[in-house]
Amino acid sequence: MPIQSSLSEIPIQFAKGVGPRRARLLEKLGVQTIEDAFWFLPWRYENRLEVLPIGNLLPGMKATIKGRVQKVWVKTTYRKRLVVVTVTVRDETGLIECVFFNQPYLEKTFWPGVSLLLTGPVLSNSSGSLPMTMRGPEYELLDEDELPDMCGGRIVPVYHETNGLSSKQIRRIMRSIFDHYASHLQEMLPMAMRRQLGVPTLPEALPVLHFPNQERSVEVLNQQATPEHRRLAFEELFLLQLALAMRRQGQTQDLEGIAFAVRNPLVEQLKTVLPFSLTSAQERVIQEISHAMELPTSMNRLLQGDVGCGKTVVALHAIVMACGSGYQAALMAPTEVLSEQHYLSLFPLFEALGVRCLLLKGGQTGRERGEILARIQSGHVQVVVGTHALLQPDVHFAKLGLVIVDEQHKFGVLQRAQLRGKAAWHPDVLVMTATPIPRTLAMTLYGDLDVSVIDQFPPGKKPVKTMLFPTGQRKEAHRLMRKELEAGRQAYVVYPLVEPSEKIDLQAAVEAAEQLREEFSPFRLGLLHGRLSSREKQAVMAQFKENEIDVLVATTVVEVGLDVHNATVMLIEHAERFGLAQLHQLRGRVGRGLHQGYCLLIHALGTIPPYSQQMPMKLEAGQQFADEIINSSEGKAFSRSTARRRLGVFAQCDDGFALAEEDLKIRGPGHVLGVKQWGDIDFRVADLARDTLLLIKAKQMAVELLERDPHLILPDHHILKETLRRKWSEKLALGGIG
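Values in this document were obtained by computation on a predicted structure and should not be read as measured data. Residue numbers here run from 1 along each chain, matching the order of that chain's written sequence. Side-chain atom pairs in this predicted model are given and counted only at pLDDT of 80 or more, local residue features only at pLDDT of at least 70, and totals for whole chains, interfaces and linings cover all residues. Side-chain metrics rest on all non-hydrogen atoms present in the structure, leaving aside hydrogens and water.

S.K.: Please give an account of the packing of helix 12 (residues 311–323) against helix 13 (residues 336–353) that cites residues and values.
M.R.: For any two helices packed against each other, the geometry comes down to the angle between their axes and how far apart the axes lie. Two numbers describe how helix 12 lies on helix 13: the axes approach to 12 Å, and their chain directions differ by 40°. Taken together, helix 12 and helix 13 sit at an angle that is classed as oblique. Remark: the crossing between helix 12 and helix 13 carries right-handed chirality. Of helix 13, the residues touching helix 12 (which contributes Thr312, Leu316, Ile319 and Val320) are His342, Leu346, Leu349, Phe350 and Leu353. Axes here mean lines fitted to C-alpha atoms, for a helix over just the part in contact, with angles spanning 0 to 180 degrees between N-to-C directions. Each helix corresponds to a stretch of at least 4 residues labelled H or I by DSSP, and each strand to a stretch of at least 2 residues labelled E; elements are numbered beginning at the N terminus. Roughly parallel here means an angle under 35 degrees, roughly antiparallel means over 145, roughly perpendicular means 65 to 115, and every remaining angle is called oblique. Each helix crossing is assigned a hand: it is left-handed if the near helix lies turned anticlockwise from the far helix by less than a right angle, otherwise right-handed if that turn is clockwise. Only heavy atoms enter the contact rule, under which two residues are in contact if any of them lie within 4.5 Å.

S.K.: Kindly report on unusual backbone geometry, identifying the contributing residues and their values.
M.R.: For the bond running from serine 521 to proline 522, omega is 10°, close enough to zero to count as cis. Note that proline 522 resides in the loop between helix 18 (503–519) and strand 18 (525–528). Of note in this structure, asparagine 102 is not a glycine but carries a positive phi near 55°. Here asparagine 102 is to be found in the loop between strand 4 (94–101) and helix 4 (106–109). Of note, the phi angle at glutamine 224 is positive, near 55°, even though the residue is not glycine. Relative to the elements of secondary structure, glutamine 224 occurs in the loop between helix 8 (218–222) and helix 9 (227–252). Note on classification: 1.4 Å probe, protein chains only; a residue is buried when its accessible area is under 20% of the maximum for its type, exposed when over 50%, partly exposed between these limits. According to the relative accessible area criterion, glutamine 224 is partly exposed, its value standing at 24%.

S.K.: Describe the side chain of threonine 387, and please don't skip the residues or the numbers.
M.R.: Structurally, threonine 387 can be placed in the loop between strand 12 (383–386) and strand 13 (400–405). Exposure remark for threonine 387: the relative accessible area of 7% places this residue in the buried category. Here threonine 387 is in contact with Met332, Ala333, Thr335, Glu336, Ser339, Leu360, Lys361 and Gly362, once residues within four sequence places are set aside.

S.K.: Which residues make up the sheet that holds strand 11 (residues 357–360), and what values go with them?
M.R.: Strand order in the open sheet formed by seven strands is 11-12-10-13-14-9-15, and the pairing between neighbours is parallel. The strands lining the two open edges of the sheet, one partner per strand, are strand 11 and strand 15 (450–454). When strand polarity is set aside, the average angle formed by the axes of neighbouring strands in this sheet is 20°. For two strands to be treated as a pair, DSSP must find at least two bridges joining them. The pairing of strand 11 with strand 12 spans four bridges and is classified as parallel. Among the inter-strand pairings, leucine 360 is bridged to a residue of strand 12, identified as glycine 386.

S.K.: Describe the sheet that holds strand 21 (residues 598–603), and please don't skip the residues or the numbers.
M.R.: Spatially, the six strands line up as an open sheet ordered 16-21-20-17-19-18, and their pairing is parallel. This sheet does not close on itself; its edge strands, each paired only once, are strand 16 (465–470) and strand 18. Within the sheet, the average angular offset between the axes of one strand and its neighbour, ignoring direction, is 20°. One ladder, built from four bridges, connects strand 17 (residues 490–494) with strand 19 (residues 551–554); its direction is parallel. Counted as the bridge partner of tyrosine 492 is leucine 552 from strand 19. Relative to the sheet, helix 20 (residues 580–587) contacts strand 16, strand 17, strand 20 (567–572) and strand 21, its axis offset from that of strand 20 by approximately 150°.

S.K.: Tell me what's going on with the layout of surface pockets, and back it up with residues and numbers.
M.R.: Space inside the second largest pocket adds up to approximately 1,200 Å³. Here a cavity means grid points, on a 1 Å grid over the protein atoms only, where a 1.4 Å probe fits yet cannot get out; a pocket means an open set of points with protein on both sides within 12 Å along at least five of seven lines; lining residues are those with an atom within 4 Å of a point. Around the second largest pocket, the lining comprises 45 residues; the ones closest to its centre are Gly310, Thr312, Asp563, His565 and Arg592. Broken down by secondary-structure element, the contributors of at least two residues to the lining of the second largest pocket are helix 12, helix 13 and helix 19 (534–545). Here the lining of the second largest pocket gets eight residues from one element, more than from any other, and that element is helix 13. When its residues are assigned to classes, the lining of the second largest pocket shows 21 nonpolar, 15 polar and nine charged. Grid points are joined across faces, edges and corners, and a volume is the space filled by probe spheres set on the points. Under this grouping Gly is polar, as are all residues other than the nonpolar Ala, Val, Leu, Ile, Met, Phe, Trp, Tyr, Cys and Pro and the charged Asp, Glu, Lys and Arg.

S.K.: So, the pattern of salt bridges: which residues are in play, and what are the values?
M.R.: For salt bridges, the criterion is a side-chain nitrogen of Lys or Arg within 4 Å of an Asp or Glu carboxyl oxygen. With the rule as written, the count across this model stands at 21 salt bridges. One salt bridge connects aspartate 36 with arginine 684, and the closest N-O pair in it is separated by 3.2 Å. One end of the pair, aspartate 36, is in helix 3 (residues 34–39); the other, arginine 684, is in the loop between helix 23 (669–673) and helix 24 (692–708), with 648 residues separating them in the sequence. Judged by its relative accessible area of 15%, aspartate 36 falls in the buried class. Given the relative accessible area of 38%, arginine 684 is considered partly exposed. Close ionic contact of glutamate 268 with lysine 271 constitutes a salt bridge, the shortest N to O distance being 3.7 Å.

S.K.: Residues and numbers for the pairing of strand 10 (residues 328–332), please.
M.R.: Where burial is concerned, most of strand 10 is hidden: five out of the five residues are buried. Across five bridges, strand 10 lies against strand 13 in parallel orientation. When the bridges of strand 13 are listed, leucine 331 appears paired with isoleucine 404. Note: strand 10 against strand 12, four bridges, orientation parallel.

So this is what it looks like as structure tokens:
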């Protein structure tokens with residue numbers, strides 16, 4: 001076993017200074033092995049190169065000083081029982097008080113004569129014995145025998161912390177790990193590739209990033225723009241792109257796929273059943289899918305399209321091609337509401353074609369589920385629509401030929417492979433998303449897929465008008481909604497869910513529904529939320545679709561799934577709590593017919609200037625951003641300023657892909673999709689918003705390398721192959737590795 005592989009198998013508690021307790025704390029930070037520790041980089045760096053004389057300090061500055069302890073005393077406040085340790089520090093130019101709170105052990109750490117390096121904010125000290133003080137400074141004992149590199153000003157790495165484990169303690173652990181294990185680090189990138197990129201080796205890069213010397217630029221380090229950062233980011237991007245390229249290579253060479261009879265009688269019959277004409281973009285994409293499905297190799301295709309462009313009818317054609325060829329099809333959606341909506345909208349068409357379709361989801365009775373599973377396994381059912389329930393071990397297909405995954409970004413790469421593995425051979429796979437994905441994310445998440453894009457809306461579709469209303473102008477929004485209702489149209493009123501139990505938010509929605517029922521009398525009002533049973537949800541959605549409800553008050557369960565052409569108003573309460581993708585999905589629920597659609601956003605952010613006039617938020621490394629924190633409907637937290645920028649750009653832009661790029665700029669990739677939604681793809685150094693060009697280079701180099709060495713058998717690729725096998729073989733089902 002290569003040594004580099006063994007580093008990933010050495011538990012972190014093998015490091016000097018890491019016992020069981022610290023190992024548990026490090027695990028909270030994502031550090032479980034020695035290899036994890038090497039890749040656990042500082043998130044910022046502090047410039048302590050300039051050590052200021054105490055006599056030169058001024059209130060308001062953040063400074064680093066060096067001096068000797070003159071006096072230490074401890075007191076406990078009477079009211080809050082707060083332990084305060086005060087230390088007087090002297091150098092040749094003066095004295096300063098340093099105050100530490102709730103750290104009583106420091107009384108035994110500091111004693112007269114001890115040399116210290118302290119960094120912190122300098123404040124006026126009106127109540128103390130000296131004119132200036134440092135409150136809660138970061139300190140280091142200057143012991144020249146133990147820490148020779150800490151005896152003067154330097155660049156200090158700052159790590160993410162957890163309760164019970166400080167950045168300073170992590171630095172000591174890192175020093176020990178480098179002392180004992182750095183010599184075992186091995187380089188996996190070929191020399192020619194490193195020269196082309198102009199980056200150092202891994203053993204050269206890591207010490208620089210954990211212990212930068214005085215010649216380094218703190219600004220460049222904090223921007224993560226060093227050659228060393230570039231080296232590590234490239235490795236992460238390159239390994240994934242190489243894995244995806246190998247996966248795609250294996251799929252395109254696979255001769256065990258299904259050659260569907262794509263021009264079967266069922267496909268011809270579908271043309272007579274559809275109540276509308278297809279757009280030219282839909283026709284083009286159907287032809288692309290048809291061509292891929294008739295080949296004897298397994299199709300792996302991403303279908304992208306903005307909200308309302310008609311992806312479902314394209315998927316319907318693919319299903320009919322499979323069923324008309326004697327195979328089963330499975331359609332998996334992320335929520336019960338969306339899977340139920342797919343089932344309800346597709347069932348009449350399948351019934352007209354004589355295709356048997358069933359819905360599989362959680363919450364079904366044991367008897368009902370048993371009957372459904374038996375019909376799937378026997379092949380009696382041709383189409384199965386469901387949620388994650390399709391992935392359960394007891395779900396067996398008789399002849400699964402086509403797998404369709406809707407809202408793919410809600411599922412991980414591994415889940416897609418799980419559903420595909422339900423077939424006895426290699427089925428065709430079509431993944432769809434109505435959530436616009438920035439180019440870099442698409443390259444990362446779907447690098448192993450061919451892509452089809454529906455870039456055209458049905459004829460007559462008008463852009464939805466988006467309007468912002470501060471809470472004080474709610475009546476104006478209601479006036480516009482009433483006007484649409486009086487014209488015979490329908491409206492949504494949506495509330496966010498931010499409480500884990502949903503109880504508080506549900507109560508707010510119920511109370512709001514009662515108030516709206518009074519205000520909008522005699523219009524008919526319905527309520528839709530996640531705590532209703534599936535049958536109740538279906539009944540409410542059916543009533544709204546049949547125009548038996550005028551105003552549907554709902555939580556975000558309407559984000560995807562409902563398709564009501566007569567609905568023209570989407571009124572969103574507490575719009576500041578929603579993400580751009582959520583807002584765009586909600587806006588896509590209206591204006592789907594011939595009438596003008598309106599998206600009315602009621603928010604508590606005051607006047608919001610156009611996005612182009614908003615000042616960019618640039619924070620210096622380590623700077624605290626004092627801003628009100630808002631809990632979002634997705635369970636995340638973000639600042640008031642972020643929400644203002646988000647609503648500002650949303651009101652000006654109706655292009656989903658442009659919004660996705662803006663969201664990437666505002667929040668970064670980790671928040672755009674979320675770690676869980678990425679499946680197993682979680683970068684530690686690479687940043688897709690920053691490293692776009694590096695990602696493109698990584699993909700290009702991965703393809704070129706596989707052209708020269710398809711199976712990575714050359715000696716220069718030995719460590720690369722082992723690393724790839726360890727990191728991605730199981731996650732991406734790369735059977736040809738290892």
